[in-house]
Protein chains: 2
Amino acid sequence: MDYDLYVVTSSELSCGRQTLEVVREALAGGATVIQLREKNWTARTMVEVGREIRKLTREAGAGFIVNDRLDVALAVEADGVHLGQDDLPASVARRLLGRGRILGVSVGSVDEALEAQAAGADYLGVGPIFATGSKADAGQPVGPELISALKKIVSIPLVAIGGINRENAPEVVAAGADGVAVISAVVGARDVRLAAAELLAVIRAAKERRGNR
Amino acid sequence: MDYDLYVVTSSELSCGRQTLEVVREALAGGATVIQLREKNWTARTMVEVGREIRKLTREAGAGFIVNDRLDVALAVEADGVHLGQDDLPASVARRLLGRGRILGVSVGSVDEALEAQAAGADYLGVGPIFATGSKADAGQPVGPELISALKKIVSIPLVAIGGINRENAPEVVAAGADGVAVISAVVGARDVRLAAAELLAVIRAAKERRGNR
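Before going into details, it helps to say that this report is about the structure given with it.

### Thoughts on the packing of helix 5 (residues 110-119) of chain B against helix 6 (residues 144-153) of chain B
All names here are of chain B.
Step number 1: Taken N-terminus to C-terminus, the directions of helix 5 and helix 6 make an angle of 40°; their axes are 10 Å apart at the nearest point. Between helix 5 and helix 6, the interaxial angle falls into the category oblique. Viewed along their axes, helix 5 and helix 6 form a crossing whose handedness is right-handed. Facing helix 5, whose interface residues are Val110, Ala113, Leu114 and Gln117, helix 6 presents Leu146, Leu150 and Ile153.

### Observations regarding the pattern of salt bridges
Any two side chains of opposite charge can pair if their charged atoms end up close together.
Residue and element names in this part refer to chain B.
Step number 1: Taken as a whole and judged by the stated rule, the model has 24 salt bridges over all chains.
Step number 2: For Arg166, the salt bridge goes to Glu198, with nearest N and O atoms at 2.7 Å. Of this pair, Arg166 sits in the loop between strand 7 (158-161) and helix 7 (169-174) while Glu198 sits in helix 9 (residues 192-212), placing them 32 residues apart in sequence.
Step number 3: Given the relative accessible area of 43%, Arg166 is considered partly exposed.

### Digging into the relation of the copies chain B and chain A
Step number 1: Structural alignment of chain B on chain A gives an RMSD of 0.0 Å, achieved by rotating through 180° and translating 0.0 Å along the axis. The operation mapping one copy onto its partner corresponds to a two-fold rotation axis. Minimal C-alpha distance to the rotation axis in chain B is attained by Asp71 of chain B, lying at 2.5 Å.
Step number 2: Most of the interface of chain B is mirrored in chain A: 100% of its interface residues are interface residues there too.

About the cut-offs
- Residues numbered from 1 in each chain as written.
- Chains lettered and ligands numbered in written order.
- Predicted model: local features only at pLDDT ≥ 70, side-chain atom pairs only at ≥ 80, totals over all residues.
- Heavy atoms only, no water.
- Axes fitted to C-alpha atoms, helices over the stretch in contact; angles between N-to-C directions.
- Helix = DSSP H or I, 4+ residues; strand = E, 2+ residues; numbered from the N terminus.
- Parallel < 35°, antiparallel > 145°, perpendicular 65-115°, else oblique.
- Left-handed = near helix turned anticlockwise from the far one by under 90°.
- Contact = heavy atoms within 4.5 Å.
- Salt bridge = Lys/Arg side-chain N within 4 Å of Asp/Glu carboxyl O.
- Buried < 20%, exposed > 50% of the residue type's maximum accessible area, 1.4 Å probe, protein only.
- Least-squares fit on C-alpha atoms with pLDDT ≥ 70 in both.

Below is the structure:
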């Protein structure tokens, strides 16, 4: 899985555009992972749209993760599921998913990170790095410092999330992030494809600089 | 599975009492199935409370079904899952559940009933039989007539739901219902245990009269 540019959907933040249209544009711009995150949708709609995203991501060679609903992830044959601290316990999800699918877990502290890794998470969503308006319940910003701290003590990939954009992404990558997750910075952009392409270029350039250090 | 008195939880309609307390009382009154249906709970809370309901129902010899969240049903080792027309498609759920667990599907018409049976449902929730205040999106009442009609064309158990109480339950059973599902009539009663016991007695008496016809 290439976590470089991990785009999380939000129909509320897509300025009236359809989620599928936004996903298509984000993939065209180079998004490497799409996470379907729609807290107000029915499971039926999640499955219907999820099946389409599965096709689009497969064609684009991108990963596809479903937020919260492990059952929907299985139903649409997503690559995995992403869970928050209020969702299914990670250890339970690991058992239900089997080893064939990816388990991502949101963490906001060292303790949560160690617990999620021990429970069998394949990657961590770390944040909110900066203040964000995209998630009402995101909590206090943890800063890129948590990425640097976790990089020393956990072995699984770290995907930074929360208030990240073109300007501050280099700092987050420099701290050690394996990928950058965004909602508004891509799905809320005027030109979704351009926003994704520019952000991906910034992230990859920062990774290259980090590799050359 | 004994569908006689199928009690559906609703923390909103439980008059401030805890769901677990209401479940304990409903089981003491003789509820034969408990369905955990809490649309506003997180998956984490569903799992925590669901594990307790699993213990209580096992001790009582009652069935335990989880509404909507197939993943939670698997996580807490419920006997099965109940799906509405906006939830996971029944055919997908059948595949994910395997044959070991029960699949219930809400239907409000002959077409939906035939489709659900063909998709592998183990029982049907049929309704709303009468007008109900417990579900905002329940649709127009179908009357006990739909039970009589379905009894002739589907082979799986029919659980009637929607506005059923002690007074009208005999009519629903006479129409052919294999069980009666209630929310308010039990979880919203002043004395939950008594309400369950009285309703169960009415249902069983009506079944006996039906058997003797």
